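Below, each chain spelled out in residue letters.
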Amino acid sequence: MLDAEVNETKQSACASSWSLLNFRRCISSSSPAEKEPTHNPKKQSGGWKAMPYILGNETFERLAVFGLFANFMVYMTRELHLDQVSAANIINIWFGITNFAPLVGAFISDAYVGRFRTIAFASFASLLGMIVVTLTSWLPQLHPPPCTPLQLASNQCVRASNSQMGVLFLGLCFLTIGSAGVRPCSIPFGVDQFDPTTDEGKKGVNSFFNWYYTTFTLVLLVAQTVVVYIQDSVSWTLGLGIPTVCMFCSIIMFFVGTRVYVYVKAEGSIFSGIAHVLVAAYKKRKVKLPSQDKADGVFYDPPLTGTVILSKLPLTKQFRSLNKASLIMEGDLKQDGSRVNQWKLASIQQVEEVKCIARILPVWAAGIFSLISMSQQGTFIVSQAMKMDRNLGPKFQIPAGSLGVISLITIALWVPFYDRFVVPALRKMTKHEGGITLLLRMGIGMVFSILSMIVSGLVEKVRRNSANSNPSPLGIAPMSVLWLAPQLILMGFFEAFNMIAQIEFFNRQFPEHMRSIGNSLFSCSFAMANYMSTIIVNTVHQTTRTHSHPDWLTNDINAGRLDYFYYLIAGIGVLNFIYFVYVARGYQYKGNVDLQDNPHDVELGSCKA
């Protein structure tokens, strides 16, 4: 899921695949691959000596962001007294921007300043953001006066002022800047510390990925249990202050390791190569292609240089108009065979890389809509939990923001069982390496996503009827919050099938040195899903209100119809599933001219390259 080294890390990724799934909010936007670091044999540097500092920095950055996000809905509704629609919109927009931002950070890092400087600057931005958000809880001037739960239930609390919200947004902006720099650079910077030309370096990279996934999983569990409990039951100032102190310590750790790091210079971004293809194809749009697409002497096909690209892509007929970019015209080449102008002539490899992106985009779009259901875990599902009996025994109350742990537990139990027992059994029947194809796994995950929204609607109907039949001052339904477990378990199965399959699909179908784009697309999927969720929420909020009844998503969910909202998302999921089946049936897998047995490595598709 990362860069060119992913092919050598599949076994290690499978060993910790449930953590790989939770990898979705963080590394979905690794930076584009660079040339491998140059190791000076006279100076021992990098390797495992650098790992504590790199992993520590990334771990605490995630702890800061996820420790805030896991319970942010509760903070805005209970402490800042926002209505649930406004709070959900803020979360969706902020989380969307945070998932888009690593694209910018990756570009700046690779093209201009390098990974070390990007991580360093971004770490200070994350620290500043956490300080600002913590201050909104600590200083009385930065939050509205407190009110009782009864006042909150009856909408009698003073809402946070515009200036108070402005300070909060400032802190979120700094956190977004921090995520933009740390997330896309931490993994490539860690890989830079190992020499991939040696067996020891390759083993080091594999182990680094395992440690990375492990620390990420631990962060999620700590953030959704310990940190959320402190915020919910002890003190918001303490619950936000702990991640802030951790972020400060991580910066110290990161700079302590400056003497042992291996530094790789910025080499430029691969996005420029994509631009070269599009511009060259447009300039030659009126040129006719030969009847047969043969590369010899007609299309520009220089030998591959460097060590990043491991396989050469064949010229294909799909998106044939792009082939014009590599068509050799008079005056395009120098006497030594090099290009006169890269904006007028692109190589076959560059053209096919752009085609890979074009083929994957329709599948990527289907993934966006399937993620809309996941967006509800941090918003309306939390609102449901706050209106249910969360007592677990006489003295302990489950924090509303910790319910996502149910999905994590589901993944932790199912994925190892699936890898060890289900896949071998399916492999015997299908003769397929993964038991079933990646696209089929993605489709199964979408079915679970639809089912989770249907179950969510059914449970909400029961909860709403129970609350209205047994009125109380706080509007709490006399039913356990564990009624929400079935929908969260189904959501866990969705993630176990669809999310891991998406990560593997993007990494297999992109050329080795372009896998960072796949990870960036995966990150952008969450951003787009959050934006789509915001659009749906606002549309439902504005169009479902009548003279005799409030809208479906009114602040008092006992008076609204949140169950209808869940059914609406399920309906969108059904339409998206039909679109996905259509796209998957016609998907053409990328080929490889370097394969000896078969010139086209077709894993599943109904169409061969």
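Peer 1: Pulling in residues and values, what's your account of a nonpolar patch on the surface?
Peer 2: A cluster of nonpolar residues, Tyr229, Val234, Leu238, Ile242, Leu392, Phe396 and Leu482, forms a patch on the protein surface that exposes about 590 Å² of accessible area. Following the sequence through the fold, Ile242 ends up in helix α10 (residues 236–256).

Peer 1: Tell me about the side chain of Ser466, residues and numbers included.
Peer 2: Residue placement: Ser466 occurs in helix α15 (residues 438–469). Beyond its immediate stretch of four places on either side in the chain, Ser466 contacts Ala477, Pro478 and Met479.

Peer 1: So what's going on with the packing of aromatic side chains? Which residues, and what values?
Peer 2: All told, the structure shown has 29 aromatic pairs when counted by the stated rule. Centroid distance Phe380 to Phe565: 5.3 Å. Interplanar angle 65°. Geometry classified as edge-to-face. On the criterion of sequence distance, the pair formed by Phe380 in helix α13 (residues 380–386) and Phe565 in helix α18 (residues 562–585) is long-range, its members being 185 residues apart. Per residue, the accessibility class of Phe380 equals that of Phe565, and both read buried.

Peer 1: Provide a residue-level description of the side chain of Ser370, including the pertinent values.
Peer 2: Mapped onto the secondary structure, Ser370 falls in helix α12 (residues 348–370). Overall, the relative accessible area of 4% leaves Ser370 in the buried class. Here Ser370 is in contact with Met446, Ser449, Phe494, Asn498, Gln502 and Asn576, once residues within four sequence places are set aside.

Peer 1: If you had to explain the pattern of salt bridges to someone new, which residues and values would you point to?
Peer 2: Under the definition given, this model contains 6 salt bridges. Put simply, Glu352 and Lys355 hold a salt bridge, and the shortest N to O gap is 3.1 Å. On the criterion of helical spacing, the pair formed by Glu352 and Lys355 is a turn pair, its members being 3 residues apart in helix α12. A salt bridge links Asp563 to Arg561; its shortest N-O distance comes to 2.8 Å. Since its relative accessible area comes to 0%, Asp563 is described here as buried.

Peer 1: Break down the pairing of strand β2 (residues 477–480) for me, citing the residues and quoting the values.
Peer 2: Here β2 shows a clear split, with Ala477 and Met479 buried on one side and none of Pro478 and Ser480 buried on the other. As paired strands, strand β1 (residues 388–389) and β2 are joined by 2 bridges and run parallel to one another. Directly across from Asp389, in β2, lies its bridge partner Ser480.

Peer 1: Could you give an account of the environment of Gly404, naming the residues involved and the relevant values?
Peer 2: With respect to the element layout, Gly404 can be found in the loop between β1 and α14 (405–430). Classification of Gly404 by relative accessible area gives buried; the value is 17%. In sequence terms Gly404 and Gln224 are 180 residues apart; their C-alpha atoms lie 7.2 Å from each other. When neighbours within four sequence positions are excluded, Gly404 is seen to be in contact with Gln224 and Gln377.

Peer 1: Go over the state of the cysteines with me, naming the residues and quoting the values.
Peer 2: Using the criterion set out here, one finds 1 disulfide in the structure. Here Cys147 connects covalently by a disulfide to Cys157, the sulfurs 1.9 Å from one another. Taking the sign of the torsion about the S-S bond as the criterion, the disulfide between Cys147 and Cys157, at about 90°, is right-handed. Here the residue Cys147 occupies a position in the loop between α6 (115–138) and α7 (149–153), and Cys157 occupies one in the loop between α7 and α8 (162–192), the gap between them amounting to 10 residues. Sulfur of Cys249: no disulfide; nearest cysteine sulfur belongs to Cys246 and is 6.4 Å away. By relative accessible area, which is 34% here, Cys249 ends up partly exposed.

Rules behind the numbers
- All chains use their own residue numbering, which begins from 1 and follows the written sequence.
- pLDDT decides what is reported in this predicted model: residues at 70 or higher carry local features, side-chain atom pairs at 80 or more are listed and counted, and totals for whole chains, interfaces and linings draw on all residues regardless.
- With hydrogens and water excluded, all non-hydrogen atoms of the structure serve as input to the side-chain values.
- Within the patch definition used here, like charges are joined within 9 Å and nonpolar side chains (Val, Leu, Ile, Met, Phe, Trp, Tyr) within 5 Å, considering only residues with over 30% relative accessible area and no salt bridge.
- Surface accessibility follows the Shrake-Rupley procedure with a 1.4 Å probe radius. Residue values consider only the protein chains on display as shielding.
- Every case where a carboxyl oxygen of Asp or Glu lies within 4 Å of a side-chain nitrogen of Lys or Arg is listed as a salt bridge.
- Numbering of helices and strands starts at the N terminus; helices are DSSP runs of H or I of at least 4 residues and strands are runs of E of at least 2.
- In this analysis, two residues are considered to be in contact whenever any of their non-hydrogen atoms come within 4.5 Å of each other.
- For this analysis, a ring pair means two rings from Phe, Tyr or Trp (six-membered ring only for Trp) whose centres lie within 6.5 Å, classed as stacked if their planes differ by under 30 degrees, edge-to-face if by over 60, and tilted for the remaining angles.
- When a residue's accessible area, from a 1.4 Å probe over protein chains only, is under 20% of the maximum for its type it is buried; when over 50% it is exposed; and in between it is partly exposed.
- Note: two strands are recorded as paired if DSSP finds a minimum of 2 bridges between them.
- Criterion for a disulfide: a pair of cysteine sulfur atoms at a distance within 2.5 Å.

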